[in-house]
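Working through the structure, step by step
Spelled out from the first residue to the last, the chains are:
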Amino acid sequence: MSAPHSSAPSPVAVVDCGTNTTRLLVDDGEGLGQRLARITGLGRGVDADGRLRDDAIGRVLDVLDEFRDVMTARGVTAVRAVATSAARDAANGAEFLQRASERLGVQVELLDGAAEAKYGFAGATSGLDRSGGAALVLDIGGGSTEFSYGIPSPGAVPVDAVSVDMGSVRWTERFLSSDPPRPEELSAAISVARLHLDDIEREHSVIGRGASAAQLVGVAGTITTVAAVEIGLDPYDPTAIDGFVLTRAAAEDVFRTLATEALADRVHNPGLHPGRAPVIVGGCCILVAIMRHWAIDECVVRERDLLDGIAAELRS
């Protein structure tokens, strides 16, 4: 008698070596999949030094060992691995890509900002019902922030997209040297973020004209963390975050709370991963600047992001 045929889909995996976090998605085509995130701080110091530090590279390589074992155990049939802002900016980025590829057993490719925005839009808008309305997908990373604008639909690509060199790690290192940050440091971080938004309005008029009326969809660590702190979510539960509506008032409230606390106190907020506490205020500055600049009152928070966009392409 022949063995029964299994209809379970074969899992695929995506690895993202980000500026602050190294992440893995094992996707079997159902639900949110298995998601692992390890705060490795790959991009710490890159804004000032122009290089990835040896200790940061070592932390990422150790996590890639862990992820490789997980993928083997899950019987993953296809893998794609990418690196983003920190590796783009660093003089030794190519060396890191080579070492990461050798450790993972898969070629780690450098993803440019346009591709990052495209995949982020595809992932974030998956299953999003806008009834024909436009969405502005916001991905605040550690080293860069991606904006992508378009009409959500299966297989949709953004009408316009841009990647800006501002992120939670970059903004923390550039502006927030005090603990807790001084008011003038916070003001500078927000003001410079808004100058970048002025640039977007001049150079990407589709986004500039449509941002205020579009549904803001937020992904990545800063926004999911702000939502988790607002809820007081401990332990973290991605199913509680995916689809949560974060109001501007709530984002401002979380920002005020976290920005006025010293790091030693900030780490105790429910919903805030201790490893993210040193850079979350920098990310908050960017988030509130965006919501203020375009008078956006709500943000739909998604767990689905560029990992899901890449996974969908792998599965197709």
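See above for the structure.
What this report covers is the structure whose coordinates are included nearby. (Residues numbered from 1 in each chain as written. Predicted model: local features only at pLDDT ≥ 70, side-chain atom pairs only at ≥ 80, totals over all residues. Heavy atoms only, no water.)

**As for the overall build of the protein chain**
Rules: Comment: elements are numbered from the N terminus, with helices defined as DSSP H or I runs of at least four residues and strands as E runs of at least two. Atoms counted for the radius of gyration: C-alpha only. Globule rule: 2.2 Å times the number of residues to the power 0.38. The classification of residues rests on relative accessible area computed with a 1.4 Å probe and restricted to protein chains. Under 20% of the type maximum is buried, over 50% is exposed, and intermediate values are partly exposed. Working rule for contacts: check all heavy atoms of both residues, and any pair within 4.5 Å makes them a contact. In these tables, accessible area is a Shrake-Rupley quantity obtained with a 1.4 Å probe, and a residue counts as shielded only by the protein chains included in the view. Working convention for charge: Lys and Arg count positive, Asp and Glu count negative, and His plus the chain ends are omitted. In this description, the location of a charge corresponds to atom NZ of lysine, CZ of arginine, CG of aspartate or CD of glutamate.
Assigned secondary structure in the protein chain consists of 14 helices and 11 strands. Expected size for 316 residues packed as a compact globule is a radius of gyration near 20 Å; at 19 Å, the protein chain falls within 12% of this value. Principal-axis analysis of the C-alpha atoms gives the protein chain an extent of 75 × 50 × 40 Å. Expressed as a percentage of the 316 residues in the protein chain, the buried residues total 55%. Taking contacts inside the protein chain between residues at least 6 apart in sequence as the whole, the part at least 24 apart equals 70%. As displayed, the protein chain has an accessible area near 13000 Å², and 50% of this comes from carbon and sulfur atoms. Between the centroid of the 29 positive side chains of the protein chain and the centroid of its 45 negative side chains there is a distance of 1 Å.

**Details of the environment of E201**
Within the element layout of this structure, E201 appears in helix α7 (residues 183–203). Classification of E201 as partly exposed rests on a relative accessible area of 34%. Sequence-wise, E201 and A211 are 10 residues apart; in three dimensions their C-alpha atoms are separated by 9.5 Å. The contact partners of E201, leaving out residues within four places of it in the chain, are G208, H293 and W294.

**A look at the pattern of salt bridges**
Our working rule: Salt bridges are identified by distance alone: a Lys or Arg side-chain nitrogen within 4 Å of an Asp or Glu carboxyl oxygen.
Scanning the model with the defined rule gives 23 salt bridges in all. In this structure, the salt-bridge partner of D65 is R68, at a minimum N-O distance of 3.6 Å. Taken together, the residues span about one helical turn, with D65 and R68 both in helix α2 (residues 54–74) at a distance of three residues. Members of the salt-bridge network, linked through shared partners, are D47, D89, D165, R170 and R174.

**Some words on helix α6 (residues 168–175)**
For α6, the tally of buried residues reaches six of eight residues, placing the bulk of the element in the interior. Residues S168, V169, R170, W171, T172 and F175 constitute the buried set of α6. In this structure, the buried side of α6 is in contact with α1 (46–49), α3 (85–89), α7, α9 (221–231) and α13 (280–293).

**Things to note about the packing of aromatic side chains**
To keep things clear, this is the line we draw: Aromatic rings from Phe, Tyr and Trp, taking only the six-membered ring of Trp, are treated as a pair when their centres fall within 6.5 Å; an angle between ring planes under 30 degrees marks them as stacked, one over 60 as edge-to-face, and anything in between as tilted. Throughout this description, the term charge over a ring refers to an Arg CZ or Lys NZ atom that lies within 6 Å of the ring centre and within 35 degrees of the ring normal.
A complete count under the given rule lists two aromatic pairs for this structure. Plain terms: the ring middles of F147 and W294 are 6.2 Å apart, the flat faces sit at 90° to each other, and that makes the pair edge-to-face. With F147 in strand β7 (residues 145–150) and W294 in the loop between α13 and β11 (298–301), this pair connects stretches of sequence that are 147 residues apart. Judged by relative accessible area, W294 falls into the buried class, the value being 2%. Centroid distance W171 to F175: 5.0 Å. Interplanar angle 70°. Geometry classified as edge-to-face. In this pair, W171 and F175 both sit in helix α6, four residues apart, roughly one turn of the helix. Across the pair, F175 and W171 agree in class, each one buried. Lying over the aromatic face of Y119, K118 brings its terminal NZ or CZ to 4.5 Å of the ring centre.

**Focus on unusual backbone geometry**
Residue P180 is reached from D179 by a cis peptide bond, and omega for that bond is 0°. Inspection of the secondary structure assignment puts P180 in the loop between α6 and α7. In this structure, the amide linkage connecting D234 to the following residue, P235, adopts the cis form with an omega of 10°. Within the element layout of this structure, P235 appears in the loop between α9 and α10 (238–241). A positive phi angle, near 80°, is found at A220, a position not held by glycine. Looking at where A220 falls in the secondary structure, it is placed in the loop between β9 (215–219) and α9. The exposure class assigned to A220 is buried, which follows from its relative accessible area of 15%. The backbone of A295 sits at a positive phi, close to 50°, despite the residue not being glycine.

**Remarks on the sheet that holds strand β10 (residues 245–247)**
Hydrogen bonds along the backbone pair up the strands of a sheet, which may run parallel or antiparallel. Spelled out, the test is: For two strands to pair, DSSP has to find at least two bridges joining them. Simply put, an axis is a line fit to the C-alpha atoms, just over the touching stretch for a helix, and the angle between two N-to-C directions goes from 0 to 180 degrees.
Here six strands make up an open sheet; going across it, the order is β8-β7-β6-β9-β11-β10 and the pairing mixed. Either end of the sheet is taken by a strand with one partner, and the two such strands are β8 (160–164) and β10. Between one strand axis and the next, the sheet turns by 25° as a mean value, whatever way the strands run. Note: β7 against β8, five bridges, orientation antiparallel. Of the residues in β8, the one forming a bridge with E146 is S163. Here helix α5 (residues 113–124) sits on the sheet in contact with β6 (135–140), β7, β8 and β9, set at roughly 60° to β7.

**Looking at the nonpolar core**
Where we set the bar: Buried residues of nine kinds, namely Ala, Val, Leu, Ile, Met, Phe, Trp, Tyr and Cys, make up a nonpolar core once their side-chain atoms join them within 4.5 Å.
With 52 residues, the main nonpolar core has L136, F147, F255, V281, L287 and W294 as its most contacted residues. Take this core: its biggest share by element is 10 residues, from α13. Ignoring sequence-local partners within four residues, the contact set of F255 consists of L186, I190, V281, C284, C285, V288 and R292. By size, the runner-up hydrophobic cluster in this structure holds 28 residues, among which are C17, A81, A83 and A90.

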